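Residue-level listing of the chains:
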Amino acid sequence: MSFREFLETLSSTGQVTSISEKVDPHLEIAGLIDQLEEQPVLFHRIRGSGYPVAAGICSRRELIALGLDVPKEQLLFALAEALRNPVPPQMVGTGGSPAPCQEVVEKQVDLHTLPVLTHLPSDGGPYVTAGVAIVKDPELGRNMAFHRLMRLDERHFAVRLVEGRGTHTALQKAGGELEIAICIGNSVAVLLAAAMSPAPGVDELSIANALAPTPLVKCLTVSLEVPAEAEIVLEGRTTRQMVDEGPFLDLTETMDIVRRQPVVEVNCVTHRRDALYQALLPGGLEHKLLMGLPREPTIYEEVNKVCDCVNVLLTPGGASWLHGVVQIRKHSPDDGQCAIEAAFRGHTSLKHVLVVDEDVNIYDPAELEWAIATRFQADRDLAVFSDQPSSSLDPSARHVPGEKSRTAKMGLDATIPWRKPSGALRTEQERAAFRKVRYQAA
Ligand SMILES: Cc1cc2nc3c(=O)[nH]c(=O)nc-3n(C[C@H](O)[C@H](O)[C@H](O)COP(=O)(O)O)c2cc1C
């Protein structure tokens, strides 16, 4: 389902707020998206731009499940399956009618025609936030990832490239200049695959195609392939020029610092005849879900190597990035502690992890707290790891420019303790005494 097909599906079931008053991309639209709690919205008339703006299509797990046509409870397993078995996408021919994303070709580029939002008065400039960048690593091939882009002028953006990730390493290997295609208005499958970090050399577009058919088309001015059903494609190259990028609100809802980042030059814009522009609220629910959801299957796979993992959740209170819950089916006394260590291997930015049994509803924060209150003893079930590699997004971590950030990590094993204080094993009946007694349904 393409971006617009999904928006139509949501519209047909009354799930899209339609706003026909003229709205301003400078501060007003971001404020409205926030006010609507990021529920899907379509702004039809934009001051200074002919492109309508849509936002919020991935702001709830239910919406993402609908976009992939899988039950919500199956999301984790659908992502794990696509990560395990990517399927190379089909190319659409360039002979017949143009691919949807190339219906209109603009070689006289003026990025001011796009409704690029300024989200907060303190931002470094207007930012493209739902742009998915495709590049080719000279050794590993295609890489796809989200990169925020701060508009500088008619043809240039500053691009935020997190050090050590696919796009950044590809640029380094290429010697500082690299062709790039930025796709805006993508399917849910492309959005999720773009946020994944599979093993080096694994093509994220093949993962997207395993989630939902994602035909590709060759770009017109660079030797890259892009999803044929994208709304807008910006073709260009990253240059050697470095500029200040930021400040900008990041995932943890705190302001990210200003850094020297490369400039992208756009040489050609292609788009659908009636293209829609996708916006994504930085630090919002959609940003968090798109970051966190693709990490749940990688944690699940690692934990399953050491014990029986049932489910994984990166919780929104931890920015869907720093805090995780791992649910296990316990078969031996030390499974909880093993799960903690495996979870940190499965998502290296994870800072705090809670392990619970399968009788706890991991989507209910009160049940999680109850498990800690009734099953956890800090001097027995707490694991603390000092001076670990950390997410760059945690303001409380230790950050040294040019080095990997460092943090302390903590794991809480709130599963039913199988050992008594004496060290002897509890019987099945003794363990059952830790379970919640539920009233019968009337
Ligand atoms: C909404 C959103 C915005 C993101 N913005 C950036 C960004 O500006 N720069 C960046 O390097 N990564 C950003 N990311 C993270 C990358 O997309 C993510 O780390 C990706 O998995 C990297 O893939 P790679 O390791 O294959 O390069 C963002 C992710 C999401 C979901």
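These remarks concern the structure in this document. Here the structure is a predicted model, which means the values were calculated and not measured.

Here's the deal with the site of the ligand
- Around the ligand, the structure places 21 residues, and the nearest of them are Arg148, Val162, Arg165, Gly166 and Glu204.
- A distance of 3.2 Å is found between an oxygen atom of the ligand and a side-chain nitrogen or oxygen belonging to Asn143.
- Considering the ligand on its own, with 640 Å² of exposed area, one finds that the protein chains cover 92% of that surface.
- Of all the secondary-structure elements, those providing two or more residues to the shell around the ligand are β7 (141-146), α5 (166-173) and α8 (285-292).

Thoughts on the pattern of salt bridges
- The full count for this structure, using the stated rule, is 39 salt bridges.
- Close ionic contact of Glu301 with Arg84 constitutes a salt bridge, the shortest N to O distance being 2.7 Å. Taken together, the residues Glu301 in helix α9 (residues 296-306) and Arg84 in helix α4 (residues 75-84) connect sequence positions 217 residues apart.
- Take Arg84: its relative accessible area is 47%, and that puts it in the partly exposed class.
- For Arg375, the salt bridge identified is with Asp359, shortest N-O distance 2.8 Å. Taken together, the residues span a long stretch of sequence, with Arg375 in helix α11 (residues 365-375) and Asp359 in the loop between β20 (352-357) and α11 at a distance of 16 residues.
- A residue is classified by how much of its surface remains accessible, and Asp359, at 27% relative accessible area, is partly exposed.
- Three or more residues are tied together by salt bridges with common partners; here these are Arg148, Glu245, Asp250, Asp256 and Arg259.

Examining the sheet that holds strand β18 (residues 308-314)
- One open sheet holds the five strands; their spatial order is β18-β19-β20-β22-β21, and the pairing between them is mixed. The sheet is open, and its two edges are formed by β18 and β21 (382-389), each paired on a single side. Each neighbouring strand pair of the sheet contributes to a mean axis angle of 20 degrees, computed without reference to strand direction.
- Of the strand pairs in this sheet, strand β19 (residues 323-329) and β20 are connected by six bridges, and their pairing is parallel. Residue pairing in the sheet places Val325 in a bridge with Leu354 of β20.

Topic: the sheet that holds strand β1 (residues 17-19)
- Reading across from one edge, β1-β2-β3-β17 is the order of the four strands in this open sheet, with mixed pairing throughout. A single partner strand is all that each edge strand has here, and the edge strands are β1 and β17 (277-279). Direction aside, the axes of adjacent strands within the sheet are offset by 20 degrees on average.
- Summarising the sheet, strand β2 (residues 41-43) and strand β3 (residues 53-55) pair through three bridges and their orientation is antiparallel. Counterpart to Leu42 in the pairing with β3 is Ala54.

What about the state of the cysteines?
- Using the criterion set out here, one finds zero disulfides in the structure.
- Summary of cysteine pairing: Cys268 is not part of a disulfide, and the nearest cysteine sulfur, belonging to Cys219, is at 8.5 Å.
- Judged by relative accessible area, which is 0%, Cys268 ranks as buried.
- The closest cysteine sulfur to the non-disulfide-bonded Cys309 is located on Cys307, 6.7 Å from its own sulfur.

Here we look at the nonpolar core
- With 51 residues, the main nonpolar core has Ile57, Ile64, Leu68, Met144, Leu192 and Val226 as its most contacted residues.
- Contact partners of Met144, with chain neighbours within four places excluded, come to Val132, Ala133, Ile134, Val190, Ala193, Ala194, Glu204 and Leu205.
- Within the second largest apolar cluster, 38 residues are counted, among which are Leu117, Leu178, Ile232 and Val269.

Quick notes on helix α10 (residues 335-346)
- In a regular helix each residue adds 1.5 Å, so twelve residues correspond to 16 Å; α10 covers 16 Å between its end C-alpha atoms and thus fits that length.
- Those residues of α10 hidden inside the fold are in contact with α9, β19, β20, β21 and β22 (406-413).

Some points on unusual backbone geometry
- Omega for the peptide link from Gly246 to Pro247 comes to -5 degrees, which places this bond in the cis form.
- Structurally, Pro247 is set in the loop between β13 (232-245) and β14 (248-249).
- Backbone geometry at Leu27 places phi at a positive 70 degrees, although glycine is not the residue there.
- Assignment of secondary structure puts Leu27 in the loop between β1 and α2 (28-35).

Some words on the packing of aromatic side chains
- Counting across every chain of the model gives three aromatic pairs.
- Ring centres 5.4 Å apart and planes at 85 degrees place the aromatic pair Phe77 and Tyr300 in the edge-to-face group. Of this pair, Phe77 sits in helix α4 while Tyr300 is found in helix α9, placing the two residues 223 residues apart along the sequence.
- On the basis of an interplanar angle of 80 degrees and a centroid distance of 5.7 Å, the ring pair of Phe344 and Phe385 is categorised as edge-to-face. With Phe344 in helix α10 and Phe385 in strand β21, this residue pair connects regions lying 41 residues apart in the sequence.
- Positioned above the aromatic ring of Tyr363, the side-chain terminus of Lys72 is 5.6 Å from the ring centre.
- The positively charged end of Arg431 is found above the aromatic ring belonging to Trp418, 3.7 Å away from the centroid.

Rules behind the numbers
- Residues numbered from 1 in each chain as written.
- Predicted model: local features only at pLDDT ≥ 70, side-chain atom pairs only at ≥ 80, totals over all residues.
- Heavy atoms only, no water.
- Near = heavy atom within 4 Å.
- Polar contact = N/O pair within 3.5 Å; in protein donor to acceptor, adjacent residues only side chain to side chain.
- Areas by Shrake-Rupley, 256 points an atom, 1.4 Å probe, with all protein chains shown as cover.
- Helix = DSSP H or I, 4+ residues; strand = E, 2+ residues; numbered from the N terminus.
- Salt bridge = Lys/Arg side-chain N within 4 Å of Asp/Glu carboxyl O.
- Buried < 20%, exposed > 50% of the residue type's maximum accessible area, 1.4 Å probe, protein only.
- Pairing = 2+ DSSP bridges.
- Axes fitted to C-alpha atoms, helices over the stretch in contact; angles between N-to-C directions.
- Disulfide = S-S within 2.5 Å.
- Core = buried A, V, L, I, M, F, W, Y, C linked by side-chain atoms within 4.5 Å.
- Contact = heavy atoms within 4.5 Å.
- Expected span 1.5 Å × (residues − 1).
- Phe/Tyr/Trp six-rings, centres within 6.5 Å; stacked < 30°, edge-to-face > 60°.
- Lys NZ or Arg CZ within 6 Å of the ring centre and 35° of its normal.

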